[in-house]
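Chain by chain, the residues run as shown.
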Amino acid sequence: MKITIITLFPELFKGVFDFGPIRIAKNKGLVSIDFLDLKDFAKTPKDVDDYPYGGGPGMVIKPEPVKKSILRAGKGYKILTTPKGKKFNQKMANALAQKDHLIIFCGRYKGIDERVRELFDLEVSIGDYVLSGGEIPAMVIVDAVVRLLEGATSDINSVLTDSFQGFILSEPQYTRPGVFEGKHVPSVLLSGNHKEIARYKRKMALKETLLRRPDLLLKAELMEEDYKLLIEILKEARNEQHNERD
Ligand code: ADE
């Protein structure tokens, strides 16, 4: 996969792609990441943005540098980062991981001139809050996408069992020591009974989702066994409440 990032601040990206799965993916040649400096596509570096017609606060990125930089980036799937965009999620990351070439244009200021919005295939927001620019959103998108590329993580199963793959949050995790400040790791995880362990993990994942993000359960693909586990979880929670009251 090739990723081209168009930004006013390529320096902001120094270092962020040099660790973890992105570094591994780059070293293995699974991904190459290039930068285009938007200032290079303006008549002068100061000529990137201008005041909005009709007045109002902030500056607008001019259409010419947007068009020129997008043309230079070549053929590819063109993404504009903007708080007005479609909300980024795991499903979108999975879809973007299938593309050969992603071109990510980092918006800034009040946004880009309306007349060049049509150049983009997709407008993406990383959440309902306003950042100073699209660079951090671009980093978020690249990280979420590149770690999905086969070979970027040592264990593809780790990626497949991530929270949000399948809309079920991952179960609580434990590692050594077995007892920390008097708190024990759930004994079933030490039992060596693989079937029991798998059932316990699924149950705890469902419980985590029910307690933290019940909205996701409506989207999740659940099996017959999951419904049984959910009933168990609800019964146990009710019993606990009763015991607390008594
Ligand atoms: N630019 C500024 N805020 C943003 C957001 N939340 N998502 C994407 N791009 C942005």
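Above this note sits the structure.
Calculation notes
- Residues numbered from 1 in each chain as written.
- Predicted model: local features only at pLDDT ≥ 70, side-chain atom pairs only at ≥ 80, totals over all residues.
- Heavy atoms only, no water.
- Near = heavy atom within 4 Å.
- Polar contact = N/O pair within 3.5 Å; in protein donor to acceptor, adjacent residues only side chain to side chain.
- Areas by Shrake-Rupley, 256 points an atom, 1.4 Å probe, with all protein chains shown as cover.
- Helix = DSSP H or I, 4+ residues; strand = E, 2+ residues; numbered from the N terminus.
- Nonpolar A, V, L, I, M, F, W, Y, C, P; charged D, E, K, R; others polar.
- Buried < 20%, exposed > 50% of the residue type's maximum accessible area, 1.4 Å probe, protein only.
- Contact = heavy atoms within 4.5 Å.
- Core = buried A, V, L, I, M, F, W, Y, C linked by side-chain atoms within 4.5 Å.

Caption draft 1: Examining the site of the ligand more closely. The environment of the ligand is made up of T81, T82, P83, V124, S125, I126, G127, Y129, V130, L131, G133 and P137. Note that a nitrogen atom of the ligand is positioned 3.2 Å from one of the backbone N or O atoms of T82. Considered on its own, the ligand offers 270 Å² of accessible surface; in the complex 97% of this is hidden by protein. Tallying contributions element by element places strand β5 (residues 77-87) first for the shell around the ligand, with three residues. A per-class count over the shell around the ligand returns seven nonpolar, five polar and no charged.

Caption draft 2: Region of the structure containing the side chain of T82. Here T82 lies in strand β5. The exposure class assigned to T82 is buried, which follows from its relative accessible area of 16%. A polar atom in the side chain of T82 sits 3.0 Å from the backbone nitrogen of K84. Those residues in contact with T82 that sit more than four places away from it in its chain are E123, V124 and S125.

Caption draft 3: Layout of the environment of L8. Structurally, the position occupied by L8 is in the loop between β1 (2-7) and α1 (20-27). Residue L8 is classed as buried on the basis of its relative accessible area of 6%. Along the primary structure L8 and V48 are separated by 40 residues, whereas in three dimensions their C-alpha atoms are 8.8 Å apart. Every residue in contact with L8, bar those within four places of it in the chain, is listed here: D37, L38, K39, V48, R108, Y109 and E135.

Caption draft 4: Quick look at the nonpolar core. By size, the foremost hydrophobic cluster in this structure holds 31 residues, and its most contacted members are I3, F88 and V142. If you tally residues by element for this core, the top one is helix α4 (residues 135-146), at seven residues. Sequence-distant contacts of V142, defined by excluding residues within four places in its chain, comprise I3, I5, F17, I22, I33 and I104. The next biggest cluster of nonpolar side chains, apart from the first, holds 17 residues, and it includes L36, V66, F105 and F120.

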